[in-house]
Every structure is written in structure tokens, then in C-alpha cells.
Amino acid sequence: MTLAQHLARLPADPRIVVTGNHATPWTTLGLVDELVPSYRLWVLNAQHGVPDREGVTLETSFVGPGMRRSPRLSYVPSRLSLVPALFAGPLAPHAVVLHTTRPRGGKVSLGVEVNVLPAAIEAVRRSGGVVVAQVNERMPWTFGDAEVDVEHIDVMVEVDEPLLHATGSPIDAASARIGEEVAARVGDGATLQAGIGAVPDATMRGLVARRGLRIWTEMFSDSVLALERAGALERQVPITASFLFGSPELLDWVDGNERVRMVRTEVTNDPALISRNPAMVSVNTALQVDLFGQANASRIGARIHSGFGGQTDFIVGALHSTGGQAFIALRSWHPKADCSTVVALVDEPVTSFQMSAIVTEQGIADVFGRDQREQARQIIEHAAHPSVREELREEAVGLGLA
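Just so it is clear, the structure is predicted and the values come from calculations on it, not from any experiment.

Considering the side chain of Ser356
Piece 1. Take Ser356: it is sitting in the loop between β26 (352-353) and β27 (357-360).
Piece 2. Ser356 has contacts with Leu319, Gly324, Gln325, Ala326, Ala365, Asp366, Val367 and Phe368, leaving out every residue within four places of it along the chain.

Right, dumping it as C-alpha cells:
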């Protein structure tokens, strides 16, 4: 059967899950969009260029730039670790469109993006739906849950499509300072979770002199390769992640690398499994933090900007790890909005709370284990920008925090 014949079997307005982040199968997604007049497009962190037209409902639990501010957005709040449960229950998909390697030994590999895709494949197969694979010679072969039996795929579309690469933005002075503060709290043998961006990169690169480090993370980029080359990583422990994004050099390194285990989201983001890692260190960011130690990382002006992602999963897991730490790291002043990121009380829904410490270029505010007044004092004196500290002290009095 052809792709068109397979898609014709789908019910009206089907839910179609597509590989997200920076591994979207653009050619095949374009074909699907031409063949299916009305459908629900589920993509995590969708990039610019996903179909956004009448007849398409953009559905996700983590909003990317390709869906942000669209009038057709249907945001479904969920921790990333629970998205597979959504697929098994209230949001069952009818089709899944993957971006894979070419077949090898009866299998294909999902390469740089595993995430929620194994759960989507299982849900689609249970319902008799359609599994489509865009097979691409340029996709690196990764192991673990990335490997999918060819017999589970209904139709393959061959392409020769370049993969997106990270541009490698420079680390600015504020990010470097934040990275130094966090790195100083991390010892030999710790397990690391950090995403992409200047602050996580600065943190990871500040750890090149450590030894015996482990990686258990939702995603990783070139900073992990830098640790590997510096001899900082424990060679006997696999690098565990759910997706990755980086330079062509990083993709060459992971291709066929058995030390890199790409694992499904409900494993990498399970707080109970995260907590089993020794000295788990979680580094996440936020848009705002307040004097109660609450972080908003999801919304701007009540409009959804991103979502929970894995932040709540990793904060909880890290705090339950023996010797674990969970950091919220951000600049004390928002350069574009020209305002403090430390406020008396967040005016948006809270994404996370009860972290170990809040870190800015001003310093580290230790909050875990402190009473609420000491938390507020720490945040004002060690994390807030000096220009707003007096105002925050006055507001702290009104909130009963001073």
C-alpha cells in the first residue's frame, strides 16, 4: 500500500504524532499535510515550518516556536514523563510519522530523537493505525529504545534530507558566571542533567576537571562531548538521554556509539529512576522566580510559552537522590523585557518549586531546608539584581516574609 492508501484508512480528524524538536521529518510531514485535509498534529517543541492552516489543530504538551501564538494551538498541560500515559488513554494517536535511519538488520534507529515516540508507536499499533517512517541516510544510528523493528512500520518514505545543527552561540559573561556558581557545587562522581543553552553549556564546561561524572538527562548537546574528551565522564556507565541536538561533530560521535543509550521519556524522566542516580544534579531555567521560591518557566502574560517539559520530573528526582541538588538558573535581569526576573510573587501559574537553590550571576540563594523568611532573604540578597533589592525587601514585609 502507498502512503496515500494508508492515510485514507484513518478516521476523520485523526491525531498524528510527528517526531519533534530538531528532527522533524519535513518532507514526509509535507506529504501528510497534502493528503489529510483535517487532522490534529501532535509535535513536541515544534519548530518553524510545521503546517499551520485551517483544518489543522496544533496539539502538544510542550510548545515550540512553530506553534507559539497560533490561534489553532491546543495546549495539553502535562509533565513530559506522563505524555506516554496520555497516548495510552485520553489522547490516543491514530498515526505516527517518524524520522529514522535506513533499515539495518531488520531494524531502523530513531537516531537523535526517541522521546515519546516509542509510546506513540505502541499506541498506534494497538489501535490498528499507521506507522510511517521517513528513512534518511544522514540520521545517525543510536541504540537503546531508538531501535525499532521494521515489521512495526507500515510504510517508508526515502529521503536525503540534512539534519538541523546547533549553531553554538557564545557564552556571555552572565551565563559564564552562573555556570561557575553551579559547577562549584558539583563534585566528582555526580550525575548530570542539563539542557541546551548558554547557562547549561557554561555549567558543563566548568566541570571538565571533575572525574567519574555520569549523564542521565532528557537531552544533551556538545557540552557532553567536551566532558567526554576531557576525561571527566565515567567510561563504564552509559550516557543516558532521550533526545539530542548539536553540531555535525556531535552527530558523528553518537553514530554507532554504544556508550550512548537513547531511552524513552517515561524512563529518563521518571523521578523514581532519576533518584537512583548518585548525587543527581539537575540544572533548569525559568522566566521568573519569586520570594517563595516558586518558578514560572511556562507562561508569559498568561499565554503558554513552552510547558512543564521535564523540569518538574528532574527537580523531584534530584531532590530524592542521595546527595542530589536541583538548581534553577537564570539571569537576574531580563535583557529584552528590561525588568527583574526575581519578583515578590509570580503573576503566572507556577511551573516548579522547592528547588535546592536559585542561581543568577549575582550569586546562589540556598532555599531548600530554610524557613520561608530565610528563603526570601537568600533570594533578595544573593539572587536578585541590586537595583530591585530594596523594593523586594519592602514587598517581603507585606507578604509576611520579613
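So much for the structure itself; the text now carries on.
Here's the deal with the pairing of β27
Piece 1. Alternating residues of β27 divide into Ala357 and Val359 and Ile358 and Thr360, and every residue in both groups is buried.
Piece 2. Sheet topology note: the strand β22 (residues 325-329)/β27 ladder contains three bridges and is parallel. Bridged to Phe327 within β27 is Ala357.
Piece 3. Across four bridges, β27 lies against strand β28 (residues 363-366) in antiparallel orientation. Bridged to Ile358 within β28 is Ala365.
Piece 4. Connecting the antiparallel pair β27 and β28 is a turn made up of two residues.

Some remarks on the environment of Arg126
Piece 1. As for its position among the elements, Arg126 is in helix α4 (residues 117-127).
Piece 2. In this structure the C-alpha to C-alpha distance between Arg126 and Ser221, which are 95 residues apart in sequence, comes to 34 Å.

Overview of the nonpolar core
Piece 1. With 65 residues, the main nonpolar core has Trp42, Phe87, Val96, Leu192, Phe220 and Trp253 as its most contacted residues.
Piece 2. Sort the elements by how many residues they give to this core and α4 lands first, with six residues.
Piece 3. Ignoring anything within four residues of it in the chain, the contact list for Leu192 reads Val186, Met204, Leu207, Leu213, Arg214, Ile215, Trp216, Thr217, Leu227, Met280 and Val281.
Piece 4. One finds Trp216, Leu291, Ala384 and Leu392 within the second-largest nonpolar core, a separate group that totals 29 residues.

Comments concerning unusual backbone geometry
Piece 1. A positive phi is found at Asn45, a non-glycine position, where the angle reads about 50 degrees.
Piece 2. Mapped onto the secondary structure, Asn45 falls in the loop between β2 (39-42) and β3 (56-60).
Piece 3. Phi is positive for Asn115, which is not a glycine, with a value near 50 degrees.
Piece 4. Within the secondary structure layout, Asn115 lies in the loop between β6 (107-109) and α4.

What to know about the sheet that holds strand β10 (residues 155-159)
Piece 1. The sheet built from seven strands is open, its strands ordered β4-β3-β2-β1-β5-β7-β10 with parallel pairing. If you trace the sheet from one side to the other, it starts and ends with β4 (73-75) and β10, each paired once. On average, each strand axis in the sheet is inclined to that of its neighbour by 25 degrees, with strand direction left out of account.
Piece 2. By the bridge criterion, five bridges tie strand β7 (residues 130-136) to β10 in an arrangement that is parallel. For Gln134, the partnering residue across the bridge sits in β10 and is Val157.
Piece 3. The strands that α4 touches are β1 (15-18), β5 (95-100) and β7; relative to β5, the one it contacts most, it runs at about 140 degrees.

Comments concerning the pattern of salt bridges
Oppositely charged side chains may form a pair once their charged atoms are brought near each other.
Piece 1. A full pass over the atoms with the stated rule returns 21 salt bridges.
Piece 2. Between Arg53 and Asp33 there is a salt bridge, and its shortest N-O distance comes to 3.0 Å. Of this pair, Arg53 sits in the loop between β2 and β3 while Asp33 is found in helix α2 (residues 26-35), placing the two residues 20 residues apart along the sequence.
Piece 3. The class of Arg53 is partly exposed, set by a relative accessible area of 25%.
Piece 4. Given the relative accessible area of 18%, Asp33 is considered buried.
Piece 5. The salt bridge partner of Arg138 is Asp160, with a shortest N-O separation of 2.7 Å. Linking Arg138 in the loop between β7 and β8 (143-144) with Asp160 in the loop between β10 and α5 (173-183), this pair joins segments that are 22 residues apart in sequence.
Piece 6. A relative accessible area of 43% places Arg138 in the partly exposed class.
Piece 7. Note on Asp160: relative accessible area 57%, which makes it exposed.
Piece 8. Residues joined in a network through salt bridges with shared partners are Arg15, Arg40 and Glu59.

Some words on the sheet that holds strand β18 (residues 288-290)
Piece 1. Ordered in space as β25-β18-β19-β26, the four strands form an open sheet in which the pairing is mixed. Looking at strand neighbours, the two that pair on one side only are β25 (342-343) and β26, the edges of this open sheet.
Piece 2. By the bridge criterion, two bridges tie strand β19 (residues 294-296) to β26 in an arrangement that is antiparallel. Considered in β26, the bridge of Ala295 is made with Ser352.

Parameters and conventions
- Residues numbered from 1 in each chain as written.
- Predicted model: local features only at pLDDT ≥ 70, side-chain atom pairs only at ≥ 80, totals over all residues.
- Heavy atoms only, no water.
- Helix = DSSP H or I, 4+ residues; strand = E, 2+ residues; numbered from the N terminus.
- Contact = heavy atoms within 4.5 Å.
- Buried < 20%, exposed > 50% of the residue type's maximum accessible area, 1.4 Å probe, protein only.
- Pairing = 2+ DSSP bridges.
- Core = buried A, V, L, I, M, F, W, Y, C linked by side-chain atoms within 4.5 Å.
- Axes fitted to C-alpha atoms, helices over the stretch in contact; angles between N-to-C directions.
- Salt bridge = Lys/Arg side-chain N within 4 Å of Asp/Glu carboxyl O.

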